[in-house]
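Structure assessment
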Amino acid sequence: MGKLRMKRQPGAAFSISVSKRGEPFMPRQELQEGKTVLGKTNQRDTTLLLVDDEKVNLVLTAQIFHNRGFRVLTASNAAEALVLAKSEQPEVVLLDYFMPGKDGFTTLKEIKNTFPDIYVIILTGKGSEEIAVSLMKAGASDYVLKPFVNQDLVERVEKVLKVREVEIRNKELLQERDRLLLEIESWNRMLEKRVEEKSLELQKVQEEIVQTEKMSTLGYISAGMAHEIRNPLNSIGLYAQLLKGGLDDPERFEFLEKIEMEVQRIDGILRKLMDAVKRPRYHLQELSIPKVIDSLLELFQSRAKMHGIRIERDYRATPPQILADLTEVEQIFSNLFANSIEEMSDGGVLTIVLEQKEDMVHIDVIDTGKGIPQEDLQRIFDPFFTTKSSGTGLGLSVVLRIIRTYNGKIAVKSEAGKGTTFSITLPLHSPES
Ligand SMILES: Nc1ncnc2c1ncn2[C@@H]1O[C@H](COP(=O)(O)OP(=O)(O)OP(=O)(O)O)[C@@H](O)[C@H]1O
Ligand SMILES: [Mg+2]
């Protein structure tokens, strides 16, 4: 029979040498690597940590498991065991219950707290049901009484390994389920956001349809009405002019002048109404938007000055010319400038910002006037919506119709008491090109 000798290896397991009587000690196998395997190889990838202060126990148990193909590590106290548990992450620890210093129970708790995936089997010479219960509660996977039958111990370890495999797989599946649930949740959130965005888009399109319907109804009625009204109206004006001739009574003369003025006012409204709904004949020409705005601003200059309004230009680009009808482009801006000036009767600033982004030109008309109350914002483009005693409420309808003709867009932002910004976007290529 050979005699067993042990030699401590720093930081890890023992190496074992088996000497035959009369022969020198020859190192035969390194246990800590678990690569050179004696006997069966069924646990080739499994690392087992044995913790026992009795070195003979340690070596014999190591040999049993080594022979079955385990990678075996050994430690003779709790401190060594914890170091090895951390660096080697064994699957199973066979832990002696009674050890000097830190006992098996405390070591068990420390291992389980720090490395829950390491399964611990407690070996003890003395056992009671009470101890067994407290060990299981502290996280032990099994509890083996010494002395044990080798085969029995191996079977217990293998059983614990199987349980461990199932439990770890289970844990992984649960984690995977949680991950998938989170993924589904984030998909849901994304979908909800998309639905919300699309609903908003739909709402905008619906609003545009409603607006178009309003315009076409208005067009249908006004095209006939305006025509029918303007003829008798012209006659009234003409007769009033005739009556004025040769009239001595200054009071009557004044009345007739008032009739003429009112007739002109009605005629103006009718013209505006027709502008709002009827597309005038195109006279397309190459236009420079900043130049059109500049010449209009010159016309508005004296009105602005009268009300103490400063005009500021912030042209950030010189966009190429666009093919458009001059009268129509002028109508867009003259209506917006007129509205702004009318809302700044006590002074303010009218700013025109011009920018080019790709093939679009953006113009902001910003005023520091009274602003538009929230409840009116939806209605300002409606034909005949006005808050002014002498307004027709057709200015913005004209603006909207023309901008749509050019495939452009108009948006408004306003805060009561602070001012209003109309933002216009016009494509640089004309609808015909
Ligand atoms: N810059 C602005 N600041 C505050 N309110 C505005 C502004 N522009 C338009 N509005 C509001 O929108 C309404 C409709 O404007 P719109 O130009 O269509 O008609 P109007 O100016 O009232 O009359 P018209 O232009 O026919 O003389 C105005 O009466 C006003 O209440
Ligand atoms: Mg107006």
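My aim in this report is to walk through the structure given alongside it, one point at a time. (Residues numbered from 1 in each chain as written. Chains lettered and ligands numbered in written order. Predicted model: local features only at pLDDT ≥ 70, side-chain atom pairs only at ≥ 80, totals over all residues.)

1. With respect to the overall build of the protein chain
Across its full length, the protein chain holds 10 helices and 15 strands. When the 433 residues of the protein chain are sorted by exposure, 26% land in the buried category. Across the protein chain, every contact between residues at least 6 apart in sequence was considered, and the portion connecting residues at least 24 apart equals 64%. (Helix = DSSP H or I, 4+ residues; strand = E, 2+ residues; numbered from the N terminus. Buried ≥ 20, exposed ≤ 12 C-beta atoms within 10 Å, placed from the backbone. Contact = placed C-beta atoms within 7 Å.)

2. Digging into the site of ligand 1
The local shell around ligand 1 holds 23 residues, among which N339, T386, G391, G395 and L396 are the closest. Of all the elements in the fold, those that place two or more residues in the shell around ligand 1 are helix 8 (326-342) and helix 10 (395-405). (Near = placed C-beta within 6 Å.)

3. Some words on the nonpolar core
Among the nonpolar cores identified, the biggest contains 35 residues, and I332, F333, L336, I341, I363 and V399 are the most heavily contacted of them. Listing elements by their share of this core, those giving two or more residues are helix 6 (250-277), helix 7 (289-306), strand 11 (322-325), helix 8, strand 12 (348-357), strand 13 (360-367), helix 10 and strand 15 (419-427). Examining the composition of this core, we find that 6 residues originate from one element, helix 8, more than from any other. Grouped together as the second largest cluster of nonpolar side chains are 34 residues, L73, I121, L153 and V157 included. (Core = buried A, V, L, I, M, F, W, Y, C linked by C-beta atoms within 7 Å.)

4. Re the sheet that holds strand 5 (residues 71-75)
Read across the open sheet, the 5 strands follow the order 5-4-6-7-8; overall the sheet is parallel. Edge positions in the sheet fall to strand 5 and strand 8 (142-145), since each of these pairs with one other strand and no more. Averaged over neighbouring strand pairs, the angle between their axes works out to 20° when direction is ignored. The pairing of strand 7 (residues 119-124) with strand 8 spans 4 bridges and is parallel. From the neighbouring strand, I121 faces strand 8, where its bridge partner is D142. (Pairing = 2+ DSSP bridges. Axes fitted to C-alpha atoms, helices over the stretch in contact; angles between N-to-C directions.)

5. Remarks on the sheet that holds strand 10 (residues 309-315)
Pairing is mixed in the open sheet, where 5 strands are placed in the order 10-12-13-15-14. A single partner strand is all that each edge strand has here, and the edge strands are strand 10 and strand 14 (409-415). Mean inter-strand twist for the sheet, computed between neighbouring axes without regard to direction, equals 15°. Two elements, strand 12 and strand 13, share 8 bridges in a ladder whose sense is antiparallel. In the strand pairing of strand 13, V353 is matched with D364. Docked against the sheet, helix 7 engages strand 10, strand 12 and strand 13, running at close to 170° with respect to strand 10.

6. Side note on the packing of helix 8 against helix 10
Following both chains from N to C, one finds helix 8 and helix 10 inclined at 145°, their axes separated by 9 Å at the closest point. Our pair here, helix 8 against helix 10, has a crossing hand that is left-handed. Here E328, Q331, I332, N335, L336, A338 and N339 of helix 8 lie close against helix 10, whose contacting residues are G395, L396, V398, V399, I402 and I403. The residue inventory of the contact of helix 8 with helix 10, partitioned by class, reads 8 nonpolar, 4 polar and 1 charged. (Left-handed = near helix turned anticlockwise from the far one by under 90°. Nonpolar A, V, L, I, M, F, W, Y, C, P; charged D, E, K, R; others polar.)

7. Comments concerning helix 3 (residues 104-114)
G104, T107, L108 and I111 are the residues of helix 3 that are buried. Projected onto a plane normal to the axis of helix 3, the buried residues spread over an arc of 105° and lie on a single side. Residues of helix 3 that are exposed and point over 90 degrees away from its buried face: N113 and T114. Buried-residue contacts for helix 3 involve helix 2 (78-88), strand 6 (92-96), strand 7 and helix 4 (129-137). (Arc of directions from axis to C-beta.)

8. Some words on unusual backbone geometry
Residues apart from glycine generally show negative phi values, whereas peptide bonds are mostly found in trans. Cis rather than trans, the peptide bond between K146 and P147 has omega equal to -5°. Along the polypeptide, P147 turns up in the loop between strand 8 and helix 5 (150-244). You will see that Q89, though not glycine, has its phi angle at about 45°, which is positive. For Q89, the position within the fold is in the loop between helix 2 and strand 6. Located in the positive-phi region is N407, a residue other than glycine, with phi close to 60°. By secondary structure assignment, the location of N407 is in the loop between helix 10 and strand 14.

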